[in-house]
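What the coordinates show
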Amino acid sequence: MKDKIIVTGGCGYIGSHTVIELLESDFEVVILDDLSNSSEATISRIKKITGISPIFIEIDLKDARATHKVFSDHKDAKGVIHFAAYKAVGESVQEPIKYYKNNLFSLLNTLEAQVYNGIENFIFSSSATVYGMPNTLPITENNKTQRPFSTYGNTKKIAEEILEDYTRSNKVFSVISLRYFNPIGAHSSGEIGELPNGIPNNLMPYITQTAAGIREKLMVYGNDYPTKDGTPIRDYIHVVDLAKAHVLAVKRLLNKEQEMALEIFNLGTGVGYSVMDVIKTFETVTGVKLNYEVTSRRDGDVPELYASINLAKEKLGWSAKKALDDMINSSWIWEQNFQNETNVISKSLSGSDSLK
Ligand code: WQD
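Anyway, here's the lowdown on the structure attached to this text. Because the structure is a prediction, the values reported are computed rather than measured. (Residues numbered from 1 in each chain as written. Predicted model: local features only at pLDDT ≥ 70, side-chain atom pairs only at ≥ 80, totals over all residues. Heavy atoms only, no water.)

1. Considerations on helix 8 (residues 239-254)
Going by this rule: Where helices and strands are cited, they refer to DSSP runs of H or I of at least four residues and of E of at least two residues respectively, numbered from the N terminus. Multiplying 1.5 Å by the helix residue count minus one yields the expected span of that helix. Each residue gets one of three labels from its accessible area relative to the maximum for its type: buried under 20%, exposed over 50%, partly exposed in between, using a 1.4 Å probe on protein chains only.
Over its 16 residues, helix 8 extends 23 Å from the first C-alpha to the last, a length consistent with the 22 Å expected when each residue adds 1.5 Å. Extensive coverage of helix 8 is indicated by the burial of 12 of its 16 residues. The complete set of buried residues in helix 8 reads V239, V240, D241, L242, A243, A245, H246, V247, A249, V250, R252 and L253.

This is the structure we're talking about:
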């Protein structure tokens, strides 16, 4: 009998890559997703890659009644991985109430419903943004969290505080919170990848859309930072490495190996790259010259962020394996596949000659 894991937001970028790793590690998966920032087509892509179709339930986790019903139907699950959240940093600053309601109501309903149905393991999708402006580097899990600049980041910080309170009051509930640095890249099949809604906030999808001719040029937000080339440094991590860490975190909880009710792990490579490093590596790896222009700084950007990865290595037995070249190349292959598919669909819908 396979252990069942409920994955909220499982049709999303990191969620879908994690579902693939769970299925390939012989777990049964139930995806809960409201499809507000993802597509049901991801389910068939997961099946194409793994040969297995996860159970998929379209649900708004802000609906407490519906959430309780779905957890009651799947009370045999051994744990939950909670990805479901809005994540556009810029939009969150413009619409804070939308973000606090969605990200926190979904979390609270999920926690209440799963515990009511006796599901006691919870993996939380957190973010390095909870560290705010770091005063030491590399950043360890003992670094104090600070009020993130964006509402998105603050929903992650508040969520971790909710989990801290909850594990203090509920002695049988175990949580691992995974603080992602900068997830990029795509599955080697080229079947799934990042699908930003509208204009991408993040660097990698903006680069691949510029290279694909969707965007006219990449704006480099400032080159006057105190870094080697003046552009900000981030710890980019391959989304497949990130996904594998989630499987190890699930196994740690199912095997009751956790040492505290709430454990927190950084997920990064421990290596920082600047924006210019990423641009130059993209050009080298793909052979595509990137059209970019240096403009003014973006509000909220910090000069440098990269992870200490010792704790995840020691406790999860995990470290990132994939290099920046692979992260970038897999992003580019996914972008090209996605654009080709989109063109084929739009041509077939318009009945243009290429398909006659
Ligand atoms: C990276 C660097 C920009 C776009 C955020 C969230 C984090 C996580 C990842 C969700 C920065 C520069 C970017 C562009 C640019 N979110 N940049 N031109 O801001 O480090 O982290 O996304 O999972 O929680 O905080 O990532 O990709 O937006 O930016 O120059 O068009 O690229 O200034 O230095 P960030 P990012």
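This is not the end of the story, as more comes after the structure.
2. Digging into the packing of aromatic side chains
Which entries qualify depends on this criterion: Pairing of aromatic rings covers Phe, Tyr and Trp, the last through its six-membered ring, and needs centres within 6.5 Å; plane angles under 30 degrees mean stacked, over 60 mean edge-to-face, and all others mean tilted. Whether a charge lies above a ring is judged from NZ of Lys or CZ of Arg, which has to be within 6 Å of the ring centre and within 35 degrees of the ring normal.
A complete count under the given rule lists 6 aromatic pairs for this structure. Judged by centre distance (5.5 Å) and plane angle (65 degrees), the rings of Y86 and Y99 are edge-to-face. Of this pair, Y86 sits in the loop between strand 4 (79-82) and helix 4 (89-94) while Y99 sits in helix 5 (residues 96-116), and the two are 13 residues apart along the sequence. With a relative accessible area of 17%, Y86 lands in the buried category. Classification of Y99 by relative accessible area gives buried; the value is 1%. Linked through ring pairs, F122, Y166 and F173 together constitute an aromatic cluster. Residue placement shows K98 over the ring face of Y86; its charged tip is 5.1 Å from the ring centre. A cation over an aromatic ring shows up here: R297 above the ring of Y225, its NZ or CZ 4.0 Å from the ring centre.

3. A closer look at the site of the ligand
Formally: Think of it this way: one heavy atom of a residue within 4 Å of a molecule or strand is enough to make that residue near it. Here a polar contact is recorded for every N or O atom pair within 3.5 Å, except that within protein the pair must consist of a potential hydrogen donor and a potential acceptor, and residues adjacent in sequence are included only if both atoms are side-chain atoms. In this description, accessible areas are obtained by the Shrake-Rupley approach with a 1.4 Å probe, and a residue is regarded as covered only by the protein chains that are shown.
Taken together, the neighbourhood of the ligand is formed by 19 residues, with S127, L203, M219, R234 and D301 sitting nearest. With respect to the ligand, the side chain of Y152 contributes an N or O atom lying 3.4 Å from an oxygen atom. Take N201: an N or O atom from its main chain is 3.5 Å from an oxygen atom of the ligand. When the ligand sits alone it has 690 Å² of accessible area, and the protein chains cover 92% of it. Those elements that provide at least two residues to the shell around the ligand are helix 7 (203-211) and strand 8 (218-221). The element best represented in the shell around the ligand is strand 8, accounting for 4 residues.

4. Overview of the nonpolar core
When a protein is soluble and globular, its nonpolar side chains tend to lie buried together. Keep this limit in mind: Side-chain atoms within 4.5 Å link the members of a nonpolar core, which is a set of buried Ala, Val, Leu, Ile, Met, Phe, Trp, Tyr and Cys residues. Contact definition: two residues touch when any of their heavy atoms are within 4.5 Å.
One finds L22, I31, I123, L178 and L267 to be the most contacted residues of the largest nonpolar core, which totals 38 residues. Those elements that provide at least two residues to this core are strand 1 (4-8), helix 1 (13-24), strand 2 (28-33), helix 2 (41-50), strand 6 (174-180), helix 8, strand 11 (262-267) and helix 10 (310-316). At 8 residues, helix 8 tops the list of elements feeding residues into this core. Not counting chain neighbours up to four residues away, the residues in contact with I31 comprise V7, G10, C11, V19, I43, I46, P54, I55, F56 and I57.

5. Quick look at empty space enclosed by the protein
Keep this limit in mind: Grid points spaced at 1 Å and placed over the protein atoms alone form the basis of the search, with a cavity being a set where a 1.4 Å probe fits but cannot get out and a pocket an open set showing protein on both sides within 12 Å along at least five of seven lines. Lining residues have an atom within 4 Å of a point. Grid points are joined across faces, edges and corners, and a volume is the space filled by probe spheres set on the points.
According to the stated counting rule, one finds 1 cavity of 30 Å³ or more in the structure shown. Taken as a whole, the largest cavity holds about 50 Å³ of empty space. Lining of the largest cavity is provided by H82, A84, A85, N103, L104, L107, F124, T155, K156 and A159. Elements supplying a minimum of two residues to the lining of the largest cavity: helix 5 and helix 6 (151-169).

6. Brief notes about unusual backbone geometry
The residue after L137, namely P138, is reached through a cis peptide bond having omega -5 degrees. Mapped onto the elements of the fold, P138 is located in the loop between strand 5 (121-127) and helix 6. You will see that L35, though not glycine, has its phi angle at about 60 degrees, which is positive. With respect to the helices, strands and loops of the structure, L35 is situated in the loop between strand 2 and helix 2. Unusually for a residue other than glycine, K256 sits at a positive phi of about 55 degrees. Along the chain, K256 turns up in the loop between helix 8 and strand 11. A residue is classified by how much of its surface remains accessible, and K256, at 61% relative accessible area, is exposed.

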